[in-house]
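Residues per chain, in single letters:
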Amino acid sequence: MAASGRFALGHALIHRHGFEEAVQEVVRLSVRPTPSFVVTPNADQVVNLEEDDALRAAYSRADLVVPDGMPVVWASRVLGTPLKERVTGSDLMPKLCDIAAQRRLKVFFMGGMPGVADRAAANLIKAYPGLRVTGTLCPPLGFERDPQQNADIVQAIRRSDADLVFVCLGSPKQEVWIDKHLSQFDKGVFLGVGAAIDFCAGTVQRAPQWMRSSGLEWLYRLSQEPRRLIGRYTKDLYFFVLVARELARRRAPGNCAG
């Protein structure tokens, strides 16, 4: 166990919050007079942290790190330091919108293909009457390399006065973008939640609950987008190497488990 009390796997230091605890922590962060940053690592991100310096720097500065992928939860159990449960960005986004509607918090949606953020906003407003969506944005491909476009995006989010900003650009782009620009904001929780915007918009079908609960959501997603995901999932086999390495380290003489 890391000195902070978090579960350590490779370069990822993951908080031990369950879903409801994570939700309440985000709500607490949303009322602070400073901006904050939430990441939701899965196996792919844990692997990417090994080689991506910018992603690693972003993770080191995140205020809340919760386990999106079931393999991360399984690894914590194998290593004898079990996390409570999976806390996905796809579950956080609608739940936080529900709470935002009740508490009159303002939300902003960034990401997705053209029209997806607006469609997600419309669906969430219908599901949670009173939800205050103060902005949506679909940045064009390559926007992160254009200083003027980034400045315009920052200004749009600032003008929205959003308390919760859902950044759905895919990893590592979303985490690196948030980390790079967070200091330009005075408030708000910025959450990197990837495909959550597509699920809320209804443009991508999420796996049935039984597949999510059993850790097979990846298989469902692979069946939907085989060309895009096969390379990623093949690369993610290295995740099991990281788990084996950490297990060996913990079992080595002189090392304490945890």
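You'll find the structure just up there.
Residues numbered from 1 in each chain as written. Predicted model: local features only at pLDDT ≥ 70, side-chain atom pairs only at ≥ 80, totals over all residues. Heavy atoms only, no water.

Visitor: Can you tell me about the overall build of the chain, naming the residues and giving the values?
Guide: Of the regular secondary structure elements, the chain holds 13 helices and 8 strands. Its C-alpha atoms give the chain a radius of gyration of 18 Å, within 12% of the compact-globule value 18 Å for 258 residues. If you line up the chain on its principal axes, its C-alpha atoms span 55 × 40 × 35 Å. For the chain, contacts bridging at least 24 residues in sequence account for 75% of all contacts bridging at least 6. Summed over all atoms, the accessible surface of the chain reaches about 12000 Å², with 55% contributed by carbon and sulfur. (Helix = DSSP H or I, 4+ residues; strand = E, 2+ residues; numbered from the N terminus. Rg over C-alpha atoms; globule rule 2.2 N^0.38 Å. Contact = heavy atoms within 4.5 Å. Areas by Shrake-Rupley, 256 points an atom, 1.4 Å probe, with all protein chains shown as cover.)

Visitor: So, the pairing of strand 8 (residues 189-192): which residues are in play, and what are the values?
Guide: Alternating residues of strand 8 divide into Val189 and Leu191 and Phe190 and Gly192, and every residue in both groups is buried. Sheet analysis places strand 7 (residues 164-168) next to strand 8, joined by 4 bridges and oriented parallel. Paired with Val167 across the bridge in strand 8 is Gly192. Crossover connection from strand 7 via helix 8 (residues 173-181) to parallel strand 8: handedness right-handed. (Buried < 20%, exposed > 50% of the residue type's maximum accessible area, 1.4 Å probe, protein only. Pairing = 2+ DSSP bridges. Right-handed = clockwise from strand over helix to strand, strands pointing away.)

Visitor: With reference to specific residues and values, describe the environment of Gln45.
Guide: Within the secondary structure, Gln45 is located in helix 2 (residues 43-48). Separated by 141 residues in the primary sequence, Gln45 and Asp186 have C-alpha atoms spaced 28 Å apart. Those residues in contact with Gln45, other than ones at most four positions away along the chain, are Thr40, Leu55, Tyr59, Ser171 and Glu175.

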